[in-house]
There are 2 protein chains.
Amino acid sequence: MSRLDLRNGSVEMVHGSGGRAMGQLIEELFARALRNEWLDQRNDQAQFELPPGRVVMATDSHVISPLFFPGGDIGSLAVHGTINDVAMAGARPCYLAAGFILEEGFPLADLARIVESMAAAAREAGVPVVTGDTKVVEHGKGDGVFITTTGVGVVPPGLHLSGDQARPGDRILLSGSIGDHGVTILSLREGLGFEADIGSDSQALHGLVAAMLAAVPEIRCLRDPTRGGLGNTLNELARQSGVGMQLVERAIPVREPVRAACEFLGLDPLYVANEGKLIAICPAERAERLLEAMRAHPQGREAAIIGTVVADEHRFVQMETPFGGSRMVDWLSGEQLPRIC
Amino acid sequence: MSRLDLRNGSVEMVHGSGGRAMGQLIEELFARALRNEWLDQRNDQAQFELPPGRVVMATDSHVISPLFFPGGDIGSLAVHGTINDVAMAGARPCYLAAGFILEEGFPLADLARIVESMAAAAREAGVPVVTGDTKVVEHGKGDGVFITTTGVGVVPPGLHLSGDQARPGDRILLSGSIGDHGVTILSLREGLGFEADIGSDSQALHGLVAAMLAAVPEIRCLRDPTRGGLGNTLNELARQSGVGMQLVERAIPVREPVRAACEFLGLDPLYVANEGKLIAICPAERAERLLEAMRAHPQGREAAIIGTVVADEHRFVQMETPFGGSRMVDWLSGEQLPRIC
């Protein structure tokens, strides 16, 4: 059997059959790029020890289109997205699993590029992909590649972060500018060229989270404003905690090219997806210390206190505009950006 | 906002947007069917305690076509398949995560049926789905629904099963008849009608595994012969352990309607997928005890000792035919059955 043609070959139905061709795809592409002691065992599952503490598990299916974009690709995004969902519980992410759904005809060169990017992101984050699965669907029944990543991690004893912990008086912090990821993808998809000045913010945030918790273990909750953006994520947290929120618009960082692109596209940056930012809610008296810890970390240099949790039986999120008025930040109701992650 | 129309509605792009419509789909369909204390928290991840022992993690993407079949559907299959991958390490499966990739236009009634079947399978197995994710792709970019399930479980201290543990002299046991799942799906897909007499064997095997390990903790390895069937799975184990295998064809149970369908379809039951059977390899002197334990369990009533591990530097799997001859059981090389799981 000749080697896999990683330059000109493409995914075939036989690569999903469980037979020799699938074995070859796994050996010569997946296992080679992602190599580690667990994958090397070639079992249908991985076994490992976890440090003491509560276990956290999160899963994310990635269907982003296009697959490659400034600042990343579906492979790195699939690693970052799931690591971040684990980290938002205050956990240290430890291991990842990855399930691939490939479309017949997809170029093996693109698949190799994606898997190598995934491997690099996992290495950089220190969170190995220890088990996986590969399926193939007929041409026209998928879209290149979909990747579902699942992560497990451990929360140190004593911490209990959850979206229902916000209390009136708490401060709301944001780790950096919003809208970069979503605007990059939309601009690329529509051929608008804005992506020359911007790029996805896709990154793994567990290092920032660890620094924040070391400084302020009293953090009530963390969440990454991905699909639905900052506006929707704050509404989720307000509903879970049974509180309202009062934001200050001028405190929310939006990069100038992102603002310009949003104006051109008729988008509100509050509802545009992010893949490398987080929201933190903490008691008022710890907010300055938390802000300082965030700004001292490379991923939180533009961090800001953007608002306050208030008592509100309607659980409204409201925002003070630069002109002194007030605006409702409602749930996103229509479709804003499909297949953004 | 009116309630989700579970009778006549269909999946729309907005159900993947991260906004109000996605929230409604999660509340009224997923969370309602799969309900448990973890999903009720509405966080992006689940937190739980695990009993002491090594942690096992396995993931499987399910793309089976058709979605509904005699003996199950993609929902129950996604639960059983991943539970089995965890159980084959000798582990007790504890928690599941599920990622859904939905195609625009897919009937909500079918989705509800699938999610309810998944919930029933999880309840029956005692392994809850504690976290999940939902994405939507455009019509023509998916195929109804794909489900990726990931499981975590725990191996009791002292056990270490792995595909590289088979030793010459060991016996090879099979828990029951082969080919049922694959033949059912193919017959249904081709409209052949054989499925009237047969059905998928899809089932969760962790109860059988626990009974087997209680009787014979010296089991070397377990594996479920899914894609690629018994023939391919035995080749995998032979390669991992660096051994050969000698099978006895007449000892391998194949149900009569499955044999007839395979003959008609030109399939070899050795390479047809199973979703509720397992292979066990154990030291020769423990084989009778293990067989007895398997036959005492409802899922192992037709269990059989089907062969012996032999020293063979070529790692060949060979089989004695009913007429006294010998036949090579090679790796599956072509495509046999696409999208069987």
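Residues numbered from 1 in each chain as written. Chains lettered and ligands numbered in written order. Predicted model: local features only at pLDDT ≥ 70, side-chain atom pairs only at ≥ 80, totals over all residues. Heavy atoms only, no water.

Moving on, we come to the overall build of chain A. When its secondary structure is counted, chain A shows eight helices and 14 strands. What you see for chain A is a C-alpha radius of gyration of 21 Å, in line with the 20 Å of a compact globule of 341 residues. Considered along the principal axes of its C-alpha atoms, chain A spans approximately 70 × 50 × 35 Å. Across the 341 residues that make up chain A, the buried fraction comes to 63%. For chain A, restricting intrachain contacts to residue pairs at least 6 apart in sequence, the fraction spanning at least 24 positions comes to 85%. Roughly 12,100 Å² of accessible area belongs to chain A as shown, and the carbon and sulfur atoms make up 48% of that amount. For chain A, the distance from the average site of its 30 positive side-chain charges to the average site of its 43 negative ones is 4 Å. (Helix = DSSP H or I, 4+ residues; strand = E, 2+ residues; numbered from the N terminus. Rg over C-alpha atoms; globule rule 2.2 N^0.38 Å. Buried < 20%, exposed > 50% of the residue type's maximum accessible area, 1.4 Å probe, protein only. Contact = heavy atoms within 4.5 Å. Areas by Shrake-Rupley, 256 points an atom, 1.4 Å probe, with all protein chains shown as cover. Lys, Arg positive; Asp, Glu negative; His and termini not counted. Charge placed at Lys NZ, Arg CZ, Asp CG, Glu CD.)

Glancing now at the environment of Glu-195 of chain A. Residue and element names in this part refer to chain A. Among the secondary structure elements, Glu-195 is positioned in the loop between helix 4 (180-190) and helix 5 (206-215). Judged by its relative accessible area of 18%, Glu-195 is buried. A C-alpha to C-alpha distance of 9.0 Å links Glu-195 and Pro-257, two positions 62 residues apart in sequence. Residues within four places of Glu-195 in sequence aside, it is in contact with Pro-70, Thr-184, Ser-187 and Leu-188.

Turning next to the relation of the copies chain B and chain A. Relating one copy of the chain to the other takes a rotation about an axis and a shift parallel to that axis. At an RMSD of 0.0 Å, chain B and chain A line up after a rotation of 180° and a shift of 0.0 Å along the axis. Seen this way, the second copy is the image of the first under a two-fold rotation axis. No C-alpha of chain B approaches the rotation axis more nearly than that of Gly-142 of chain B, which lies at 2.2 Å. The fraction of interface residues of chain B whose copies in chain A are also interface residues reaches 100%, indicating that both copies meet through the same surface. (Least-squares fit on C-alpha atoms with pLDDT ≥ 70 in both.)

All right, on to the packing of helix 1 (residues 20-34) of chain B against helix 3 (residues 108-125) of chain B then. Residues and elements named next belong to chain B. Where helix 1 meets helix 3, the axes come as close as 7 Å, and the angle between the chain directions of the two elements is 30°. Judged on the interaxial angle alone, helix 3 and helix 1 are roughly parallel. In contact with Leu-25, Leu-29, Phe-30, Ala-33 and Leu-34 of helix 1, helix 3 contributes Leu-108, Leu-111, Ala-112, Val-115, Glu-116, Met-118, Ala-119 and Arg-123. (Axes fitted to C-alpha atoms, helices over the stretch in contact; angles between N-to-C directions. Parallel < 35°, antiparallel > 145°, perpendicular 65-115°, else oblique.)

Residues and elements named next belong to chain A. Its domain assignment divides chain A into domain 1 (13-155) and domain 2 (171-328). Relative to domain 2, the C-alpha centre of domain 1 lies at a distance of 27 Å. Each side of the interface is counted separately: domain 1 has 20 residues, and domain 2 has 21 residues. Interface of domain 1 and domain 2: buried area, both sides summed, is about 1,600 Å²; carbon and sulfur atoms make up 64% of it. Per-residue buried area on domain 1 facing domain 2 is highest for Pro-70, Asn-84 and Met-88; these three make up 36% of the total on that side. Seen at the junction of domain 1 and domain 2, the total is zero salt bridges. Put simply, domain 1 and domain 2 have seven residue pairs in polar contact (both at pLDDT 80 or more) between them. Elements supplying a minimum of two residues to the side of domain 1 that touches domain 2: strand 3 (68-69) and helix 2 (74-87). Looking at which element gives the most residues to the side of domain 1 that touches domain 2, the answer is helix 2, with eight residues. Here the side of domain 1 that touches domain 2 is composed, by residue class, of 12 nonpolar, seven polar and one charged. (Domains from an automatic or database assignment. Buried area = accessible area lost by both parts, 1.4 Å probe. Salt bridge = Lys/Arg side-chain N within 4 Å of Asp/Glu carboxyl O. Polar contact = N/O pair within 3.5 Å; in protein donor to acceptor, adjacent residues only side chain to side chain. Nonpolar A, V, L, I, M, F, W, Y, C, P; charged D, E, K, R; others polar.)

Residue and element names in this part refer to chain A. The seven strands lie next to each other as 9-11-8-12-10-13-14, forming an open sheet whose pairing is mixed. The open sheet has two edge strands, strand 9 (221-223) and strand 14 (326-328), and neither has a second partner. Between one strand axis and the next, the sheet turns by 25° as a mean value, whatever way the strands run. Sheet contacts for helix 8 (residues 287-295): strand 8 (171-174), strand 11 (279-282) and strand 12 (304-310); angle to strand 8, the most-contacted strand, approximately 5°. (Pairing = 2+ DSSP bridges.)

So, on to the interface of chain B and chain A. Between chain B and chain A, the contact holds 78 residues from the first and 78 residues from the second. Between chain B and chain A, a total of about 6,100 Å² is buried, with carbon and sulfur atoms accounting for 50% of that surface. Sorting the residues of chain B by area buried against chain A places Gln-47, Met-57 and Arg-227 of chain B first, and these three jointly supply 13% of that buried surface. Summed over the shared surface of chain B and chain A, the number is 10 salt bridges. Run the count over chain B and chain A and you get 40 residue pairs in polar contact (both at pLDDT 80 or more). Contributions of two or more residues to the side of chain B that touches chain A are made by helix 1, strand 1 (46-48), strand 2 (54-62), strand 5 (92-103), strand 6 (129-137), strand 7 (145-155) and helix 6 (229-241) of chain B. Grouping the amino acids of the side of chain B that touches chain A by side-chain chemistry returns 30 nonpolar, 28 polar and 20 charged. Relative to strand 2 of chain B, strand 1 (residues 46-48) of chain A runs antiparallel, the two being bridged by three bridges. By the bridge assignment for strand 2 of chain B, Gln-47 of chain A is matched with Val-56 of chain B.

Let us look at helix 7 (residues 256-265) of chain A. All names here are of chain A. Every buried residue belonging to helix 7 is among Val-258, Ala-261 and Cys-262, and all of these are buried. Projected down its long axis, helix 7 carries its buried residues within an arc of 100°, all on one side. Facing away from the buried surface of helix 7 by more than 90 degrees, the exposed residues are Glu-256, Glu-263 and Phe-264. Against helix 4 lie the buried residues of helix 7. Count one or two residues on from helix 7 and you reach Gly-266, which has phi positive near 70°. (Arc of directions from axis to C-beta.)

With that out of the way, let us pick up the sheet that holds strand 9 (residues 221-223) of chain B. Residue and element names in this part refer to chain B. Spatially, seven strands are ordered 9-11-8-12-10-13-14 in an open sheet, and the strand pairing comes out mixed. Unpaired on one side and paired on the other, strand 9 and strand 14 (326-328) mark the two borders of the sheet. The average angle at which neighbouring strand axes cross in this sheet is 25°, direction not considered. The pairing of strand 10 (residues 244-248) with strand 12 (residues 304-310) spans four bridges and is antiparallel. When the sheet's bridge partners are listed, Leu-247 is paired in strand 12 with Gly-307. The strands that helix 8 (residues 287-295) touches are strand 8 (171-174), strand 11 (279-282) and strand 12; relative to strand 8, the one it contacts most, it runs at about 5°.

So, about the UniProt feature "modified residue: S-carbamoylcysteine" in chain A. Residues given the UniProt feature "modified residue: S-carbamoylcysteine" here are Cys-341 of chain A. Along the polypeptide, Cys-341 of chain A turns up in the segment after strand 14. Judged by its relative accessible area of 6%, Cys-341 of chain A is buried. If near-sequence neighbours (up to four positions away) are discounted, Cys-341 of chain A is found in contact with His-62, Val-63, Ile-64, Leu-77, Arg-227 and Glu-275 of chain A together with Lys-135 of chain B. (UniProt positions renumbered as here; feature names shortened; annotations may be inferred.)

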